[in-house]
Amino acid sequence: MKLTLSLLFASLLAACQPQHASAPADKPAPAYLKGAYAPTLKRQPSVAEMTAMGRAMFFEPSLSVSGKMSCASCHSPEHAYGPPNGLAVQLGGPELKDAGTRAAPSLRYLQNAPAFTEHFHDDDGDDSVDAGPTGGRNWDGRAQSGHEQALTPLLAAHEMGNRDTATVLAKLKQGPLAAQFRQTYGNDIFDQPDEALRWALMSLEVFQESPTDFYPYTSKYDGFLRKQVQLNAQELRGLALFNDETKGNCASCHISRISDGGAFPQFTDYGLINIGVPRNGKLPVNADPSYFDMGLCGPDRTDLKDHKEYCGAFKTPTLRNIALRKVFFHNGSFTSLEQVLRFYVQRDTAPQKWYPKNPDGSVHKFDDLPPGLEANVNVEAPFDRQKGQAPALNEKEIADVIAFLKTLTDGYVIKKS
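Keep in mind it's a predicted model, so treat the numbers as computed, not measured. (Residues numbered from 1 in each chain as written. Predicted model: local features only at pLDDT ≥ 70, side-chain atom pairs only at ≥ 80, totals over all residues. Heavy atoms only, no water.)

A word on empty space enclosed by the protein
Over the atoms rolls a probe the size of a water molecule, and its path tells where empty space is left. Basically, it comes down to this: Of the grid points, spaced at 1 Å and generated over the protein atoms alone, those admitting a 1.4 Å probe that cannot get out make up cavities, while open sets with protein on both sides within 12 Å along at least five of seven lines make up pockets; any residue with an atom within 4 Å of a point is treated as lining. Grid points are joined across faces, edges and corners, and a volume is the space filled by probe spheres set on the points. Gly is placed with the polar residues, together with every amino acid not listed as nonpolar (Ala, Val, Leu, Ile, Met, Phe, Trp, Tyr, Cys and Pro) or charged (Asp, Glu, Lys and Arg).
Within this structure, the stated rule accounts for two cavities of 30 Å³ or more. Each pocket or cavity is described by its volume, and for the largest cavity that value is around 50 Å³. As for the largest cavity, its lining consists of L110, Q111, R137, G146, L204, E205, Q208 and E209. Broken down by class, the residue content of the lining of the largest cavity amounts to two nonpolar, three polar and three charged. Taken as a whole, the second largest cavity encloses approximately 40 Å³ of empty space. Forming the boundary of the second largest cavity are T101, L283, V285, N286, Y291, D293, H330, N331 and D368.

Given below as structure tokens:
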């Protein structure tokens, strides 16, 4: 398994003696002090202390403008750190009435997510295959790390709603976590705003690298991979259809096998892909017909706005714990796994079921993309059929795949014989 951030922190902190952030005046500062994870405090806390601090912050509502919203409001532990309700997008802001623009993802199984790159090559020794845009955090991959991602909801107007980072630090300094924060990072930590912010965000990142909470590998399928339990006949059929390149072809993006290095599958390749998800007319932002959420090329991400070939591409989420979700895709447009699977296999064979009609009665496929970007939409199996053809999966096969997907839910108890 790839080196996780927790291990990186553990080895880094163990190797470094407590020290001041800067070297003596007659010596240049060590280059490592500029690194993202460099220990810069007089007393560097342990991973356990940082985890406890991050956990406290994650569940603390006083860090929001409303005083009622925490990270856990949208990322519930009981729902694999995903949304606890059936809202397409979550509500936040001063009065918890401001709707977001994207569905809240699960925060589990992100520990091995690579930093974003436009040209990704698997570590299999063959660099001839370019997997294209891959990695990063958020639906559009714009955050390069857990600590960078953690700042977004703290400042987003429709989430925790703080005006700026100074406001976040003021809430932390004056709130119920101030004493713990000082104990963890030093009594003078709030005298150094940049350092205080840095280690607050690092606390959230380290907490989200906690194996028990965020990558426990306790599903029935994990037990199956360990040869501790058998899948039943329907689950096995679903797994076969999931992997079959001519049927579900799900494993092409949602990798289901143990890696050559022995790592258990994350059920995502961390890629960004456009599958033509229908527009969700229930989102307030979509009341404006000129508004389009195009993922990798905007509007939230701006550095790739001129790459029209990326428009409409969103992060491939893990399918682990997918059965706990109540809404699906980046815009929360579907509300059941049955809908999701039917869309996958009927998008092109029966598009009238999923898209609105044009004034002339024709079907307006890919209605959540501006005209002229239809070529960006993926056409690999099961999206490789034409209108009127039989879908890649029938209803019985869809039920089989869903039975398999339910084996990916953490917390499965293996009965002792």
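Some details on the layout of surface pockets
Counted as a void, the second largest pocket has a volume near 1,200 Å³. Together, 37 residues line the second largest pocket, and D122, I255, R257, T268 and D269 are the ones closest to its centre. Its residues placed into classes, the lining of the second largest pocket shows 13 nonpolar, 15 polar and nine charged.

Re the side chain of E397
What counts, and what does not: Helix and strand definitions follow DSSP, with helices as H or I runs of at least four residues and strands as E runs of at least two, each counted in order from the N terminus. Relative accessibility decides the category of a residue: with a 1.4 Å probe and only protein chains considered, values under 20% of the type maximum give buried, values over 50% give exposed, and everything between is partly exposed. Every residue pair with non-hydrogen atoms within 4.5 Å of one another is taken to be in contact.
Here E397 shows up in helix α12 (residues 395-405). The exposure class assigned to E397 is buried, which follows from its relative accessible area of 17%. Other than its neighbours up to four places away in sequence, E397 contacts L241, K247 and A392.

Quick look at the side chain of S203
Examined against the element boundaries, S203 turns out to sit in helix α7 (residues 193-207). Assessed through its relative accessible area of 0%, S203 is described here as buried. Those residues within four positions of S203 in sequence are excluded, and the remaining contacts are M50, M53, G54, M57 and Y185.

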